[in-house]
Amino acid sequence: MSKTRIPLLGVAGLLLLTTACSGGATTTGAPAPAPGAGPGKVLFLGDSVAAGEALPLAAAFQASGVEFQSIAADGGGNVVGPFSEENWRKLPGQITSAHPAVVVYQLTTYDWGSREEQQAAYGKLSTTVTAAGAKLVFVTTPPIKPDDFYQPHLTDLNRTSEVARAVASAGKATVLDAGTVWGTTYEQVKDGKADRSADGIHTCPQGAARFTSWLLAELAKLFPGFTPASAQSWANTGWAADDHFKGC
């Protein structure tokens with residue numbers, strides 16, 4: 001068992017309490033570190049998968065004393081593929097006005113296009129984030145169980161992490177492989193509990209919490225001054241009752 005896997009498994013037990021206390025009960029933990037000890041403001045980009053993950057992320061970053069904002073969008077949020085042209089009309093302004101120190105882009109289920117189109121879009125995002133004075137972090141997307149809507153685009157989606165790494169190799173971005181959290185194939189149930197939505201795409205509270213624990217640990221490696229708050233301080237704060245979590 002890897003060192004990374006141990007805390008991810010631990011969150012599953014915490015969420016047993018989250019489900020029972022979804023009316024808004026809170027749990028207090030160790031005091032959060034002083035603001036400024038972490039990576040600075042974190043801006044989170046992505047599609048509806050990321051929008052669900054943003055719920056525990058917001059709680060965890062708040063508990064860790066780090067400002068967090070999500071502009072992940074249901075039915076979009078992508079920088080290449082359908083809807084991306086519309087997104088690019090507002091995205092540079094959103095990034096600039098947020099004044100982030102770190103921009104995390106979780107590759108989306110809409111990142112369709114040729115290798116050249118994907119590389120151009122990811123490169124454009126890297127340039128935009130760098131110009132805003134922030135660091136770009138790509139995060140690979142959870143594996144999906146494709147339906148007829150996604151099936152024609154699997155080749156494109158399976159290429160996204162490779163293209164992101166090619167863009168990041170220029171030294172202006174980082175790629176984090178979330179395979180540690182999700183594995184290589186869609187799994188609806190993990191450790192005996194619902195981890196991913198039955199729709200084959202989205203996450204359940206347990207999966208979103210495991211992702212949150214992992215992402216904060218990865219950011220702590222990138223920003224040694226950052227000490228994430230313990231999961232006990234954010235896992236049971238009511239976010240698991242949100243309507244984003246369906247099919248769980």
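Please refer to the structure higher up on the page.
About the cut-offs
Residues numbered from 1 in each chain as written. Predicted model: local features only at pLDDT ≥ 70, side-chain atom pairs only at ≥ 80, totals over all residues. Heavy atoms only, no water. Helix = DSSP H or I, 4+ residues; strand = E, 2+ residues; numbered from the N terminus. Buried < 20%, exposed > 50% of the residue type's maximum accessible area, 1.4 Å probe, protein only. Contact = heavy atoms within 4.5 Å. Areas by Shrake-Rupley, 256 points an atom, 1.4 Å probe, with all protein chains shown as cover. Salt bridge = Lys/Arg side-chain N within 4 Å of Asp/Glu carboxyl O. Axes fitted to C-alpha atoms, helices over the stretch in contact; angles between N-to-C directions. Parallel < 35°, antiparallel > 145°, perpendicular 65-115°, else oblique. Left-handed = near helix turned anticlockwise from the far one by under 90°. Phe/Tyr/Trp six-rings, centres within 6.5 Å; stacked < 30°, edge-to-face > 60°. Lys NZ or Arg CZ within 6 Å of the ring centre and 35° of its normal.

Q: Would you explain the overall build of the protein in this entry?
A: Check the secondary structure of the protein and you find seven helices and seven strands. What you see in the protein, going N to C, is helices and strands ordered as α-β-α-β-α-β-α-β-α-β-α-β-β-α. Taken over 248 residues, the protein has a buried fraction of 51%. Considering only contacts in the protein between residues 6 or more positions apart, those separated by 24 or more positions represent 80%. Summed over all atoms, the accessible surface of the protein reaches about 10,600 Å², with 54% contributed by carbon and sulfur.

Q: Would you explain the pattern of salt bridges in this entry?
A: Once the charged atoms of two side chains with opposite charge are near each other, the side chains can pair. According to the stated counting rule, one finds eight salt bridges in the structure shown. A salt bridge links Glu187 to Lys190, with the nearest nitrogen and oxygen atoms 3.2 Å apart. Look at Glu187 and you get partly exposed, because its relative accessible area is 33%.

Q: Just checking my understanding: could you explain the packing of helix H2 (residues 48-63) against helix H7 (residues 205-222) for this structure?
A: When two helices pack together, their arrangement is captured by the angle between the axes and the distance separating the axes. Contact geometry of H2 with H7 gives a least axis separation of 9 Å together with a crossing angle of 55 degrees. What the angle tells us is that H2 and H7 run oblique. H7 is crossed by H2, and the crossing has right-handed handedness. In contact with Gly52, Glu53, Pro56, Leu57, Ala60 and Phe61 of H2, H7 contributes Ala208, Ala209, Phe211, Thr212, Leu215, Leu216 and Leu219.

Q: What should I look at first to understand the packing of aromatic side chains in this one?
A: Each aromatic ring pair is characterised by the separation of its centres together with the angle its planes make. Applying the stated criterion across every chain yields a total of 15 aromatic pairs. Plain terms: the ring middles of Tyr110 and Tyr150 are 6.4 Å apart, the flat faces sit at 45 degrees to each other, and that makes the pair tilted. Here Tyr110 is found in the loop between strand E3 (102-106) and helix H4 (115-131), whereas its partner Tyr150 is found in the loop between strand E4 (135-139) and helix H5 (154-168), with 40 residues between them in sequence. Each of the two residues, Tyr110 as well as Tyr150, counts as buried. Taken together, the ring pairs in this structure connect Phe83, Tyr110, Trp112, Phe149 and Tyr150 into an aromatic cluster. Its end group placed over the ring of Trp88, Lys124 keeps NZ or CZ at 4.3 Å from the ring centre. Residue placement shows Arg196 over the ring face of Trp182; its charged tip is 5.3 Å from the ring centre.

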